[in-house]
Amino acid sequence: MTDYGHDLLFGTFVTPNARAVDLAVAADRAGLDLVTFQDHPYQPAFVDTWTLMSWVAARTSRIRISGNVLNLPLRPPAVLARAAASLDILSGGRIELGLGAGAFPDGVAAMGGPRRTPGEGIEALTEAIGIIRDLWHTDTRERVDHKGEYYQVSGAKRGPAPAHDIGIWIGAYKPKMLALTGRLGDGWLPSLSYLPDGAASLTGMNARIDEAAAESGRSPSSVRRLLNMGPQDAGVEQLAELALTYGISGFIVASDDAATAEHLAAEVAPAVRDLVKRERG
Amino acid sequence: MITEQKIALDPATFAESAVHVDGPVVLEDREGGLDPWTAAVWLAARDENVRITLPAAPAAVSEEMADKALDTLNTLAGSRVTTPGAASRFDDLPASLIKLEPGDPGYRGRSSTYMRGGRPALILRPRTPAEVADALAFARRHPELQLGLRSGGHGISGRSTNTGGLIIDVGAMNSIEMLGTGLVRVEPGATWKQVGAFLDKYDLALGSGDYGGVGVGGLATAGGIGFLSRSQGLTIDRLRAVELVLADGSQVRASDTENQDLFWAVRGAGANFGVATAFEFEAEEVTEVGWAQLALVTDDLAESLRQYGEVARAAPRDTTVFWLTGQPRQGQSVIQMYGLVDSGDPDTIIERLTPFATTGMLAQQQVVVARYTDVMAQAADVGAEGHHGRGEPISRSGFLPELTEEFARDVVQLLRSGQTFFFQLRHMGGAIADTPSDATAFAHRTPEFSVTAIGMDRQGLDAAWDLFLAKHFDGLYLSFETDQRPERLHDAFPPETLGRLRELKRRYDPAALFRDNFPIPLETS
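Residues numbered from 1 in each chain as written. Chains lettered and ligands numbered in written order. Predicted model: local features only at pLDDT ≥ 70, side-chain atom pairs only at ≥ 80, totals over all residues.

## Notes on the overall build of chain A
Check the secondary structure of chain A and you find 9 helices and 11 strands. Relative to its length of 281 residues, chain A is compact, with a C-alpha radius of gyration of 18 Å against a globular reference of 19 Å. Dimensions of chain A along its principal axes, counting C-alpha atoms only, are 50 × 40 × 40 Å. The buried share of chain A, reckoned over its 281 residues, is 53%. If you take every contact in chain A between residues at least 6 apart in sequence, the share linking residues at least 24 apart comes to 70%. (Helix = DSSP H or I, 4+ residues; strand = E, 2+ residues; numbered from the N terminus. Rg over C-alpha atoms; globule rule 2.2 N^0.38 Å. Buried ≥ 20, exposed ≤ 12 C-beta atoms within 10 Å, placed from the backbone. Contact = placed C-beta atoms within 7 Å.)

## Brief notes about the pairing of strand 21 (residues 422-427) of chain B
All names here are of chain B. Of all 6 residues making up strand 21, 5 are buried, and the element is well covered by its neighbours. Bridge analysis of strand 17 (residues 319-325) against strand 21 gives 3 bridges, and the strand direction is antiparallel. For Thr325, the partnering residue across the bridge sits in strand 21 and is Phe423. (Pairing = 2+ DSSP bridges.)

## A few points about the sheet that holds strand 7 (residues 147-150) of chain B
Backbone-to-backbone hydrogen bonds join strands into a sheet, with any given pair of strands oriented parallel or antiparallel. Residue and element names in this part refer to chain B. Taken together, 4 strands build an open sheet; the order of strands is 5-6-8-7 and the sheet is mixed. Lying at the two open borders of the sheet, with one neighbouring strand each, are strand 5 (98-100) and strand 7. For this sheet, the mean angle separating the axes of adjacent strands, direction not counted, is 25 degrees. In this structure, strand 5 lies alongside strand 6 (residues 122-125), joined through 3 bridges in antiparallel fashion. Following the sheet pairing, Ile98 is matched in strand 6 by Arg125. (Axes fitted to C-alpha atoms, helices over the stretch in contact; angles between N-to-C directions.)

## Concerning the interface of chain B and chain A
Interfaces are often sized by the accessible area lost when the parts come together. Counting residues at the interface gives 31 residues for chain B, matched by 30 residues for chain A. In terms of residue count, the dominant contributor to the side of chain B that touches chain A is helix 3 (residues 63-77) of chain B (9 residues).

## Focus on the nonpolar core
Within soluble globular proteins, side chains that are nonpolar tend to cluster in buried spots. Ranked by size, the top nonpolar core spans 125 residues in total, and within it Ile168, Val242, Leu244, Val266, Phe273 and Val275 of chain B carry the most contacts. Residues in contact with Val242 of chain B, not counting those within four places in the same chain, are Ala254, Phe263, Val266, Ala276 and Phe279 of chain B. Within the second largest apolar cluster, 118 residues are counted, among which are Ala27, Ala57, Ala83 and Leu125 of chain A. (Core = buried A, V, L, I, M, F, W, Y, C linked by C-beta atoms within 7 Å.)

## Topic: the domain arrangement of chain B
Structurally, chain B comprises domain 1 (5-85) and domain 2 (288-492). Relative placement of domain 1 of chain B and domain 2 of chain B: their C-alpha centres are 52 Å apart. (Domains from an automatic or database assignment.)

Printed below as a string of structure tokens:
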């Protein structure tokens, strides 16, 4: 049994095309907590995820918005930090930062981004998280300098500061990425279909994150566990078990129709919340 | 008078000051302030009437990513947001012309083609012959820019995109008009799908290639080997007149009675001589046709291919079946045959197709009575998002005088080399051979087949093709050839044709402005 005790979040994973705005608005109206978008700019049928998120932020009022996950090699950290903080301010604190080291190197290269090995991707992500947090941190007026292997920032003015504490949620699967998530992440955001043994994989992967968190002097509960899944995996019992057995507290359902979002918000979410509340006591 | 309202990107005040804007807005960047792009998108979504000028193009890792963001906002908001990135790097652009440069909305969809990635410095989109002349004047002033011509953006040999150069894109010139009995006037930017749909209303059709998404201009200046060629001749054989803008900007008309030498040259080597702005074709009555797609499996590909050759050779002119295969798997090959019987009579259709269907083990078949336009209409429409090819296509072409047993065996060798994943035969013969070799710049009138292989590796495909197949061929179809070695020009054009083309090139394009698609050198090498 693993349960990190977070409140539960329910959301959707919407294909980033022109229809996505209507689906996000529907998810917002339905009362879901989150709407998220994958980030594959080299896919011609998709629109630019950041531009879409900014548009959606303006057209919605309550729902939180995140990339799921943003592609770091195509989103330089200094640009991303400023953009995310700006949108967080404009949206009244509704932005979270789902971030990944970047898959599909050919696609990244075709869009003019750097081609990185998995190892380089992890190092670059570590640097990027440091830069992003520094730029958000405006309690000091000290300029930000960062002379890294992948990113160089020289004398950058900090800010703007986000309206709320933006969570950095990391898409991670392999041991080194999981360790990075435990060390630096505010959240972990994998997809159920990519887990080698399905939900059963979560136990070992959670342990890896917990271990790395502990080694960095952090509490395991400082890393929220979220999970992407298909509608077929999002039944009430299934989600309650994911929450109580595997510590998942963010359920993100892939859906390109408004009915799934409405069902999730109106039927599934309250029932799962009830069940989990009862079990947690 | 409309006054622009300047709004500071101050995190504390922006949202408030942007609530009730009246008139256009200019966003002012400042260090530590809001990200201009994010703020602009947010504001455009909040206020459906606001027009916004940004201080700079969106901050991004690359121009491609900045373009993607601009295109996305254009999709969501229309053209209400402008950036100074749209200012041209050229100060001598013809005022008349629509242009697209990196960063302009819509640029991305026209920077790549069906099979090729590119990033031209400038795309000019003329709408009239006079604008084509303006575009060519610009090209003459900029000999440093590689010049590509684009109609439908399907060119394989033609560089209808490039990197850092100029593209003249005639895609906006796409009207189709009926002139008289069977005579149709078509502009180069129309696609063959559109031509098919237009002619269908008159029970007419005009053969093109095998894919309706291809543009008229590129195909109709090279040849056009398609499903109706065996009954109608090549597409260029149906051409009765063409209007061109030449390298010096002059507008000419060429036909059997005017500028005959140009008319000869355009039919097979058109890309060397000018920008075609209109074609007049004589279409023929075609009503219902039999459209067939057959999938066969064979463990003796050489024998199946040999049999296909025999069957095709015996087929009457109304029957055209193309043959396609890829990599054999576990000793088995899948053959796709697709083609057309120019008859609406089911018995005739079955009679014609049955011999083809028995050259292997028939695994799947779909045979329907359809209209020629339905065959062309299978091509997907290319929307505003355009083409998104990447890299460079690697393709070889050869004209096969006779499909022999030895050729069939060598095809198996080529496929075993693993260097091609797409190997196609287009059946020629019939009416194609009715036109004498010297009547058009397309001289190869007598091959049985046009053969094409597409691969992934330039040197690998060239080596395997040269080793196994080259000896079987006499000539090539220039539209499907991407090998740039100088010998290929001699494959495309036999000596007499090339000699005449060279003479005409010296006369009509002495500065070699048109040099991107099988350029004809002015001097003999």
